[in-house]
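Listed below are the residues making up each chain.
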Amino acid sequence: MVVLQAGVARTGPAPARTPATPPARPPARRRPPRGPALALLLTAAVLLAAHQLRPAPYGDRLTAGPAAASTATALRARAAAVESYDPATGALRWRYARTGHRPLTVVRHAYGDALALWDDGTVTATTTGPPAPAVRWHRTLPASAAWLPAQGGTGVLRPLGHGILAVVTPRQVAAYRVADGDLRWVLPAREGCAFRPARGMRHAGALLLAQPCRDDAWTAQVVAVDDLGRIAPHRTPLGNDLPGARGGHRDPGKGLARPR
């Protein structure tokens, strides 16, 4: 092969050519997940949406009113809700309603909680705060449909001492700790007898309940209870304080009369 360079003929092999650099390839696009991965992402999105849209347990709807300078509060069952308000001005503190239900009665415990009985047999405890009102717990009464419509809420909720609430039904008396709704004791009615929630009264720290029975003396048809249960000689204290709390109870063995 003849190569011409600056007018001079030269024989020899041709110089090697530098190979051309191929053009850079664009980065590969990330493909969306397919198959099981895509199904997992869709399931997680559906569950998250369902969690955000689910109704509140028990149909609770608790709304707080404007902040008030006074700390005095009163309670009332009004229309389909329990309301806390300022007794001097009538200003609403908070309103607690349950979808599809109405309160039959509401009482205040010495600790400040609002205790309400609803038409479906649910008992609720609502704290008035601070920092804000909140529903502490719910408890459902057994077989309430058999007696509650006729009985109503009269005498069913009976606050006792040391943070205990007695719930009186015809078949039993159940005691709950107001702080957390813990069941402390149950006193069933005697066979052939029934408690009368509306026929009860307080005496010397005890709650006297009527338990009518056939062919029994009237003295046997009255039951006395307090926060520890039925008042009887030599009974064993239950200890109704919160776990870890220290507190004393009066002598559980004493009767209704003061010791001499």
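Residues numbered from 1 in each chain as written. Predicted model: local features only at pLDDT ≥ 70, side-chain atom pairs only at ≥ 80, totals over all residues. Heavy atoms only, no water.

1. Looking at the packing of aromatic side chains
For the record, the criterion: Pairing of aromatic rings covers Phe, Tyr and Trp, the last counted by its six-membered ring, and requires centre-to-centre distances within 6.5 Å; plane angles under 30 degrees mean stacked, over 60 mean edge-to-face, and any other angle means tilted. Working definition: helices are DSSP H or I runs of at least four residues, strands are E runs of at least two. Numbering for both runs from the N terminus. A positively charged side chain is recorded as over a ring if its NZ (Lys) or CZ (Arg) lies within 6 Å of the ring centre. The angle to the ring normal must also be within 35 degrees.
Applying the stated criterion to the full structure yields two aromatic pairs. Plain terms: the ring middles of Tyr-96 and Trp-118 are 5.4 Å apart, the flat faces sit at 75° to each other, and that makes the pair edge-to-face. Taken together, the residues span a long stretch of sequence, with Tyr-96 in strand E6 (residues 92-98) and Trp-118 in strand E8 (residues 114-118) at a distance of 22 residues. We note Arg-76 situated over the ring of Tyr-85; from NZ or CZ to the ring centre the distance is 4.0 Å. Stacked on the ring of Trp-118, the Lys or Arg Arg-98 has its end atom at 5.3 Å from the ring centre.

2. A closer look at the side chain of Arg-177
Test applied: Identification of polar contacts relies on pairs of N or O atoms within 3.5 Å, with a donor-acceptor requirement for protein atoms, meaning one able to donate a hydrogen and the other able to accept it, and with residues adjacent in sequence counted only if both atoms are side-chain atoms. Any two residues whose heavy atoms approach within 4.5 Å at even a single point are treated as in contact.
Tracing the backbone through its elements, the reader meets Arg-177 in strand E13 (residues 172-177). Of the polar contacts made by the side chain of Arg-177, one reaches the side chain of Asp-180; its length is 3.0 Å. When near neighbours in sequence (up to four residues on either side) are disregarded, Arg-177 contacts Trp-137, Gly-163, Ile-164, Asp-182, Arg-184, Asn-240, Asp-241, Leu-242 and Pro-243.

3. So, the pattern of salt bridges
Quick note on the threshold: Any carboxyl oxygen of Asp or Glu within 4 Å of a side-chain nitrogen of Lys or Arg constitutes a salt bridge here. Exposure classes here rest on a 1.4 Å probe applied to the protein chains alone. A residue is buried below 20% of its type maximum, exposed above 50%, and partly exposed in between.
Evaluation of the coordinates by the stated rule reveals 10 salt bridges. Residues Arg-93 and Asp-86 are paired through a salt bridge, measuring 3.2 Å at the closest nitrogen-oxygen approach. When its relative accessible area of 7% is taken as the criterion, Asp-86 is described as buried. We note a salt bridge from Asp-182 to Arg-184, for which the minimum N-O separation is 2.6 Å. Note on Arg-184: relative accessible area 22%, which makes it partly exposed. Through salt bridges with shared partners, one network takes in Arg-76, Arg-78, Glu-83 and Arg-95.

4. Some details on the confidence of the model for the protein
Operational definition: Across the chain, each position has a pLDDT score giving the predictor's confidence in that residue, from 0 to 100.
Of all residues in the protein, 70% attain a pLDDT of 70 or more, and the chain-wide mean is 79. Between residues 49-55, whose pLDDT stays under 50, and residues either more than four places distant or in other chains, the model counts zero contacts. Scored below 50 in pLDDT, residues 246-260 shows 31 contacts in the model against residues more than four places distant or in partner chains.

5. Points about the environment of Gly-112
With respect to the secondary-structure elements, Gly-112 resides in the loop between strand E7 (103-108) and E8. You can call Gly-112 buried: its relative accessible area is 15%. The sequence separation of Gly-112 and Thr-127 amounts to 15 residues, and the corresponding C-alpha distance is 6.8 Å.

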